[in-house]
Amino acid sequence: MTRHTRKRLLGVGTDSKTIKGESQGILTGILYLTPSDLSGKWNLCRFASDGCRKACLNSAGRGAFSNVQKARLAKTAYLFENRPAFLWNLSKDIEALEGKAQRLAMTPTVRLNGTSDVLWERLHPALFQSFSHLTFYDYTKHPGRDTPDNYHLTFSRSEKNAEDCGRELARHNRNVAVVFGVKKGSPLPTRFRGYELLDGDLSDCRFLDNGNGKGPGPYVIGLRAKGKAINDYSGFVIHPDTLMD
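Residue positions are given per chain, counting from 1 as you read along its sequence in written order. Thresholds applied to this predicted model are a pLDDT of at least 70 for local features of residues and 80 or more for the giving and counting of side-chain atom pairs; totals over whole chains, interfaces and linings are not thresholded and use all residues. Processing note: side-chain calculations cover all non-hydrogen atoms of the structure and skip hydrogens and water entirely.

Comments concerning helix H7 (residues 162–170)
For every residue, the accessible area (1.4 Å probe, protein chains only) is compared with the maximum for its type, and the residue is labelled buried under 20%, exposed over 50%, or partly exposed between those bounds. Secondary structure elements follow DSSP: runs of H or I no shorter than four residues count as helices, runs of E no shorter than two count as strands, and numbering proceeds from the N terminus. Inspection of H7 places Asp164, Cys165, Glu168 and Leu169 among the buried residues, and these make up the whole buried set. Along the axis of H7, the buried positions cluster into a sector of 130 degrees, meaning they face one direction only. Set apart from the buried face of H7 by more than 90 degrees, the exposed residues are Glu163 and Ala170. Note on definitions: a residue-residue contact is assigned when non-hydrogen atoms from the two residues lie within 4.5 Å. Lining the buried residues of H7 we find strand E5 (151–156), strand E6 (176–180) and strand E8 (195–199). The arc under discussion is defined with respect to the helix axis, by the directions toward the C-beta atoms.

Some points on the pattern of salt bridges
Take a side-chain nitrogen of Lys or Arg and a carboxyl oxygen of Asp or Glu: if they are within 4 Å of each other, that pair is a salt bridge. Inspection of every chain in the model, using the stated rule, returns 14 salt bridges. Note that Lys41 and Glu81 form a salt bridge whose closest N and O atoms lie 3.6 Å from each other. Here Lys41 is found in the loop between strand E2 (26–31) and helix H2 (50–55), whereas its partner Glu81 is found in helix H3 (residues 66–81), with 40 residues between them in sequence. For Glu81, a relative accessible area of 56% puts it in the exposed group. For Arg167, the salt bridge identified is with Asp164, shortest N-O distance 2.6 Å. In this pair, Arg167 and Asp164 are both assigned in helix H7, 3 residues apart and thus about one turn of the helix distant. Residue Asp164 is classed as buried on the basis of its relative accessible area, which comes to 18%. Through salt bridges that share partners, Asp199, Asp201, Arg224 and Lys226 make up one connected network.

Points about the nonpolar core
Ranked by size, the top nonpolar core spans 30 residues in total, and within it Leu33, Phe86, Leu90, Ile94, Leu112, Trp120 and Phe136 carry the most contacts. Going through the elements one at a time, strand E1 (10–12), E2, H3, helix H4 (83–103), helix H6 (126–130) and E5 are the ones with two or more residues in this core. Broken down by element, the residue count for this core peaks at 7 residues, all from H4. Take the buried Ala, Val, Leu, Ile, Met, Phe, Trp, Tyr and Cys residues and link them wherever side-chain atoms come within 4.5 Å; each set so joined is a nonpolar core. With 14 residues, the next largest nonpolar core counts Ala48, Cys52, Phe236 and Val237 among its residues.

Section: unusual backbone geometry
Look at Ser36: it is not a glycine, yet its phi comes out positive at around 50 degrees. Looking at the element boundaries, Ser36 is found in the loop between E2 and H2. You will see that Asn173, though not glycine, has its phi angle at about 55 degrees, which is positive. Assignment of secondary structure puts Asn173 in the loop between H7 and E6. Since its relative accessible area comes to 18%, Asn173 is described here as buried.

A word on the packing of H3 against H4
Note on geometry: axes are C-alpha line fits, over the in-contact stretch for helices, and angles between N-to-C directions span 0 to 180 degrees. The contact between H3 and H4 brings their axes to 5 Å, and the two run at 115 degrees. Contact residues: Lys75, Tyr78, Leu79, Phe80 and Glu81 in H3; Arg83, Ala85, Phe86 and Asn89 in H4. When residues are sorted by character, Ala, Val, Leu, Ile, Met, Phe, Trp, Tyr, Cys and Pro go into the nonpolar class, Asp, Glu, Lys and Arg into the charged class, and all the rest, Gly among them, into the polar class. Residues of the contact of H3 with H4, tallied by class, amount to 5 nonpolar, 1 polar and 3 charged.

Things to note about H3
A helix is expected to span 1.5 Å multiplied by its residue count minus one. Its 16 residues place the ends of H3 22 Å apart at the C-alpha level, agreeing with the 22 Å of an ideal helix rising 1.5 Å per residue. Taken residue by residue, H3 has Val68, Arg72, Lys75, Thr76, Ala77, Tyr78 and Leu79 as its buried positions. Among the structural elements, E2, H4 and helix H5 (120–123) are those in contact with the buried residues of H3.

Side note on the confidence of the model for the chain
The predictor's confidence in any single residue is recorded as pLDDT, a number from 0 to 100. When pLDDT is averaged along the chain, the result is 90, and 92% of the positions lie at 70 or above. Put simply, H2 is where the chain has its lowest mean pLDDT, 83, and H4 is where it has its highest, 98.

Topic: the sheet that holds E5
Taken in spatial order, the 9 strands of this open sheet run E1-E2-E3-E4-E5-E6-E9-E8-E7, and their pairing is mixed. Two strands bound the open sheet, and with one partner strand each, they are E1 and strand E7 (191–192). Both E5 and E6 contribute to a ladder of 2 bridges, which runs parallel. Across the sheet, Ser156 pairs through a bridge with Ala177, a residue of E6. Two strands qualify as a pair provided DSSP detects at least 2 bridges between them.

Points about the environment of Gln69
If you trace the backbone, Gln69 turns up in helix H3. A sequence separation of 59 residues divides Gln69 from Leu10, and the C-alpha atoms of the two residues are 15 Å apart.

Here it is as structure tokens:
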């Protein structure tokens, strides 16, 4: 039997993305890897647009620190260079997350793509079977993904995938996230392109919205521009003077 060194991969309660869900009784474990082709060796965001790369939140918050970037790069290398050990540790982290959630009387969930867009349903399908009782969720720019029932995806709009957004909403009944140039605290539009808009900044728990091929929805998930995205005019961010239903 192969023995692996124990390494922590998931962050729990360490970032502003997922911590908001704790007020709803949701405890999320999130995995941060090096996005797009920033590793210089692997591309973890195949469909990233220029606007997406420039506005990426990889360097926001704790990501601004060099030690955090090094840790994400190390995890990325670990995934590709020692995948059995990585996946073993990932499972151990999820088990630990479950234990912590139970002690806190919370519901555990897992987000595998904090700053990446890996097709986990292809890379490690057994993970969703082993933890079939848990909900996994992510954002993605890969169109037409077919995922297990316990893996909830929200499609992400960029400046170049309008047709894909339309198909994800209409054909796959999948929610689509749209970034708006709206200041923190200011209201988002209530509808966009004919769809009801939900404020995605209130919580990261997109699976609670549904709109994943079954149930209510789909919805447009509105997100306010943050970090570098505030000054984006590539078309990735939709600014107030261009808002229209």
